[in-house]
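# Survey of secondary and tertiary structure
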Amino acid sequence: MTVSKKQTQVRLEPDVLAAGKDAAAARGLDFNRYVERLIIEDTTGARAAGMAAAQRLITEHGAFLDDLEQQLDAPYDQLKPGAVA
């Protein structure tokens, strides 16, 4: 069964439209599909569930991730702009 899609018009500020098109391209989507996904994620609770999962990850493992980031950045801390390597 094929469901026909409906067309609508949305008025956006030029900078908002440009940001949306850039975000869509970064995800490999056309702008229409990107907007459709945003609406679906927002209205089904998928976005909220993802944000809650991310917060749980940060709460439970944030200290470990911070320590890991510091370890990975340590070799580069001594390389300052203008310093001779």
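Residues numbered from 1 in each chain as written. Predicted model: local features only at pLDDT ≥ 70, side-chain atom pairs only at ≥ 80, totals over all residues. Heavy atoms only, no water.

The next point concerns the overall build of the protein. Helices and strands together make up the secondary structure of the protein, namely 3 helices and 0 strands. In the protein, the succession of α and β elements from N to C terminus is α-α-α. For 85 residues, the compact-globule formula gives about 12 Å, and the C-alpha radius of gyration of the protein, at 21 Å, lies well above that figure. Per-residue burial over the protein gives 7% buried out of 85 residues. (Helix = DSSP H or I, 4+ residues; strand = E, 2+ residues; numbered from the N terminus. Rg over C-alpha atoms; globule rule 2.2 N^0.38 Å. Buried < 20%, exposed > 50% of the residue type's maximum accessible area, 1.4 Å probe, protein only.)

Okay, the pattern of salt bridges next. All told, the structure shown has 2 salt bridges when counted by the stated rule. Note that Lys 5 and Glu 36 form a salt bridge whose closest N and O atoms lie 3.4 Å from each other. On the criterion of sequence distance, the pair formed by Lys 5 in the segment before helix H1 (14-26) and Glu 36 in helix H2 (residues 31-44) is long-range, its members being 31 residues apart. Taking the relative accessible area as the measure of exposure, Glu 36 reaches 26% and is therefore partly exposed. A cluster of three or more residues bridged by salt bridges with shared partners is formed by Lys 5, Arg 33 and Glu 36. (Salt bridge = Lys/Arg side-chain N within 4 Å of Asp/Glu carboxyl O.)

Further remarks concern the confidence of the model for the protein. With 93% of its residues at a pLDDT of 70 or more, the protein shows a mean pLDDT of 89. The least confident element of the protein is helix H3 (residues 46-77), whose mean pLDDT is 89; the most confident is H1, at 97. (pLDDT = per-residue confidence, 0-100.)

This brings us to H1. Every α-helical turn comprises 3.6 residues, leaving residues that sit three or four positions apart pointing alike. A rise of 1.5 Å per residue sets the reference length of H1, with its 13 residues, at 18 Å; its end C-alpha atoms lie 18 Å apart and thus fit the reference within 8%. Packed against the buried residues of H1 are H2. Where H1 ends, the next residue or the one after it, Gly 28, has phi of about 75°, a positive value. (Expected span 1.5 Å × (residues − 1). Contact = heavy atoms within 4.5 Å.)

Right, let's talk about a negative patch on the surface for a bit. The grouping of Asp 66, Asp 67, Glu 69, Asp 73 and Asp 77 at the surface amounts to a negative patch. If you trace the backbone, Asp 66 turns up in helix H3. (Patch = residues over 30% accessible without salt bridge, like charges linked within 9 Å, V, L, I, M, F, W, Y side chains within 5 Å. Areas by Shrake-Rupley, 256 points an atom, 1.4 Å probe, with all protein chains shown as cover. Lys, Arg positive; Asp, Glu negative; His and termini not counted. Charge placed at Lys NZ, Arg CZ, Asp CG, Glu CD.)

The computed volume of the largest pocket comes to approximately 580 Å³. In terms of lining residues, the largest pocket is bounded by 16 residues, among which Thr 8, Val 10, Asn 32, Val 35 and Glu 36 are the most central. Among the secondary structure elements, those contributing two or more residues to the lining of the largest pocket are H1 and H2. Of the residues assigned to the lining of the largest pocket, the class counts are 8 nonpolar, 4 polar and 4 charged. (1 Å grid on protein atoms, 1.4 Å probe; cavity = no way out; pocket = protein on both sides within 12 Å on 5 of 7 lines; lining within 4 Å. Points joined across faces, edges and corners; volume = space filled by probe spheres on them. Nonpolar A, V, L, I, M, F, W, Y, C, P; charged D, E, K, R; others polar.)

A few words on a nonpolar patch on the surface. A contiguous nonpolar surface patch, about 470 Å² in accessible area, is contributed by Leu 57, Phe 64, Leu 65, Leu 68 and Leu 72. With respect to the secondary-structure elements, Leu 65 resides in helix H3.

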